[in-house]
Amino acid sequence: MGKFIIEGGYKLNGEIKVQGSKNAVLPVLAAAILNKGKTVLYNCPKIMDVNNMLKIIESIGCQVKWEEDTLIIDSTIIDTHIIPKKYVQMMRSSIILLGSVLGRTKYVKISFPGGCSIGSRPIDLHLKALKQMNITIEDKYGFIECSTDKIKGAKVTLDYPSVGATENIMLAAVLSDGVTTIHNAAKEPEISELQYFLNQMGAMIEGASTDTITIKGVKALHDVEYRIMPDRIIAGTYMSAVASVGGELYLNDVKSDHLDATIAKMVEMGCYVKTYDDKLFISVPQRLQSIDLIRTQPYPGFPTDMQAQMMSDLVVANGTSIIVETIFESRYKHVPELAKMGADIITDGRTAVIKGVKRLNGAEVFAKDLRGGAALIIAGLNADGRTVVNNAHHILRGYESIETDLKKIGAQLRYSKD
Ligand code: EPZ
């Protein structure tokens, strides 16, 4: 489980290199399975979700090895079509293997991914689309079995621009017969990254970053070497960290156009932000200003994955702010924990009203999910006294080096295994 122990009140000053993107690398790892050969990935983050995904792809026959910071996957052989239940329950994003294992072997058996603490997270949109592609799907009480003699291209219209469903359809369509179009597709940068990666392997995909993606099926893919894009949510998290306690921060290896909505809210709180090439600079005023309304939205709107971190800033801003979480139905598990630190937040369904207080007080708190856990660390940086963030394993799922990164810029923070 582990915990982070933070002594609050130390301004942050310095420079951090942003890690490779968790939400880009997970579908890329699934996509590697479509190639009967080798994939070499650079800038792959060493985080728990990646470790779990690598265990899964090894369990179906792939060879995986790290050479320092380079990840090499040999997916020449796939010797089973069953995705072990223990992994799927541990990490719901493993559902992304549905499309790629199907695309490679025409059959897959996978347990229903658990919901998680931010919501039920069904996969109805994934399954509805795959059924249109000549794929038979049987519900085997906790498991789903998908099979086909040939995946056929189809015109799919998503009821909601689901990131995972868009990715699964792309993966299933790459080696299919015919052309697949996805209407109302997700437009997140991670979708574009998956398109770039697959096209480097010989796929024929266009339209990512728009709401219509076209995939022309090809016969086979080939080996590829690829560098994973920087993680926009990690970059946003570190911006929130400095906003919460004050200081100045240079972020290296960012794609600032992925951060437009986050930057706009940082500026609205009174921060100064400058972006140039692959760098970003942020400096923070004496006290943050409240924000009338933040509504989380699909990209390019304000990202739900930055909602908790933003809340940790607004709880000490001057004035009252409102957040509406439109993406997940229960993504406020960090609110009672922030309240233990003196935050003044009222939630009603998907709406949170935050009345800024001058400063938080250190307390013993518990991470309930990945981004909520990061938000508690951010709150601890501001708080008077010591904050202990328990259940650190949630945070380690996505943050490769949050302890060293924050210590490097002046945070008094340490991780303890026990
Ligand atoms: C991806 O999750 C990300 N995870 C999430 O990041 C992110 O919050 C989310 O996209 C939205 O941007 C990864 O990329 C690994 P969705 P995903 O399908 O694909 C509903 C993080 O912190 N829905 O776009 O699961 C669903 O319940 C994580 O890094 C259906 O109803 O998100 C949710 O309310 C958290 N039926 C909404 O759509 C479906 O079949 C968005 O889900 C699929 C989704």
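Scoring rules and cut-offs
Residues numbered from 1 in each chain as written. Predicted model: local features only at pLDDT ≥ 70, side-chain atom pairs only at ≥ 80, totals over all residues. Heavy atoms only, no water. Near = heavy atom within 4 Å. Polar contact = N/O pair within 3.5 Å; in protein donor to acceptor, adjacent residues only side chain to side chain. Areas by Shrake-Rupley, 256 points an atom, 1.4 Å probe, with all protein chains shown as cover. Helix = DSSP H or I, 4+ residues; strand = E, 2+ residues; numbered from the N terminus. Nonpolar A, V, L, I, M, F, W, Y, C, P; charged D, E, K, R; others polar. Domains from an automatic or database assignment. Contact = heavy atoms within 4.5 Å. Buried area = accessible area lost by both parts, 1.4 Å probe. Salt bridge = Lys/Arg side-chain N within 4 Å of Asp/Glu carboxyl O. Core = buried A, V, L, I, M, F, W, Y, C linked by side-chain atoms within 4.5 Å. Buried < 20%, exposed > 50% of the residue type's maximum accessible area, 1.4 Å probe, protein only.

## Section: the site of the ligand
Inference 1: Of all residues adjacent to the ligand, which total 22 residues, the nearest are Asp 124, Leu 125, Ser 162, Asp 305 and Ile 327.
Inference 2: The contact in question runs from an oxygen atom of the ligand to an N or O atom on the backbone of Leu 125, over 2.7 Å.
Inference 3: Here Val 163 contributes a backbone N or O atom positioned 2.9 Å from an oxygen atom of the ligand.
Inference 4: Taken by itself the ligand offers 830 Å² of open surface, and the protein chains cover 87% of this.
Inference 5: Taken together, the elements giving at least two residues each to the shell around the ligand come down to α1 (22-32), α5 (124-131), α6 (163-173) and α12 (370-382).
Inference 6: Split by residue class, the shell around the ligand holds 9 nonpolar, 6 polar and 7 charged.
Inference 7: Each of two domains, domain 1 (3-19 + 230-416) and domain 2 (22-227), supplies a minimum of three residues to the shell around the ligand.

## Looking at the environment of Leu 41
Inference 1: As for its position among the elements, Leu 41 is in strand β3 (residues 38-42).
Inference 2: In this structure, the C-alpha to C-alpha distance between Leu 41 and Arg 227, residues 186 residues apart in sequence, is 5.7 Å.
Inference 3: Sequence-distant contacts of Leu 41, defined by excluding residues within four places in its chain, comprise Val 25, Val 28, Leu 29, Asp 69, Thr 70, Leu 71, Ile 73, Phe 197, Tyr 226 and Ile 228.

## Examining the domain arrangement of the protein
Inference 1: For the protein, the domain assignment lists domain 1 (3-19 + 230-416) and domain 2 (22-227).
Inference 2: Using only C-alpha atoms to locate each centre, domain 1 and domain 2 end up separated by 30 Å.
Inference 3: Here domain 1 and domain 2 share an interface that buries about 2000 Å² over both sides, 49% of which is from carbon and sulfur atoms.
Inference 4: When the buried surface of domain 1 facing domain 2 is broken down by residue, Tyr 299, Arg 397 and Glu 400 rank first, second and third, together holding 29% of it.
Inference 5: Put simply, Asp 253 and Arg 227 hold a salt bridge, and the shortest N to O gap is 2.7 Å.
Inference 6: Our count for the domain 1 to domain 2 interface comes out at 8 residue pairs in polar contact (both at pLDDT 80 or more).

## Focus on the nonpolar core
Inference 1: Grouped together as the largest cluster of nonpolar side chains are 77 residues, with contacts concentrated most on Leu 41, Val 174 and Leu 198.
Inference 2: No other element matches the 8 residues that α1 contributes to this core.
Inference 3: In contact with Leu 198, other than residues within four places in its own chain, are Ala 31, Leu 34, Leu 171, Val 174, Ala 203 and Ile 205.
Inference 4: Counting residues in hydrophobic clusters, the runner-up holds 69 residues, among them Ala 235, Ala 261, Leu 406 and Ile 409.

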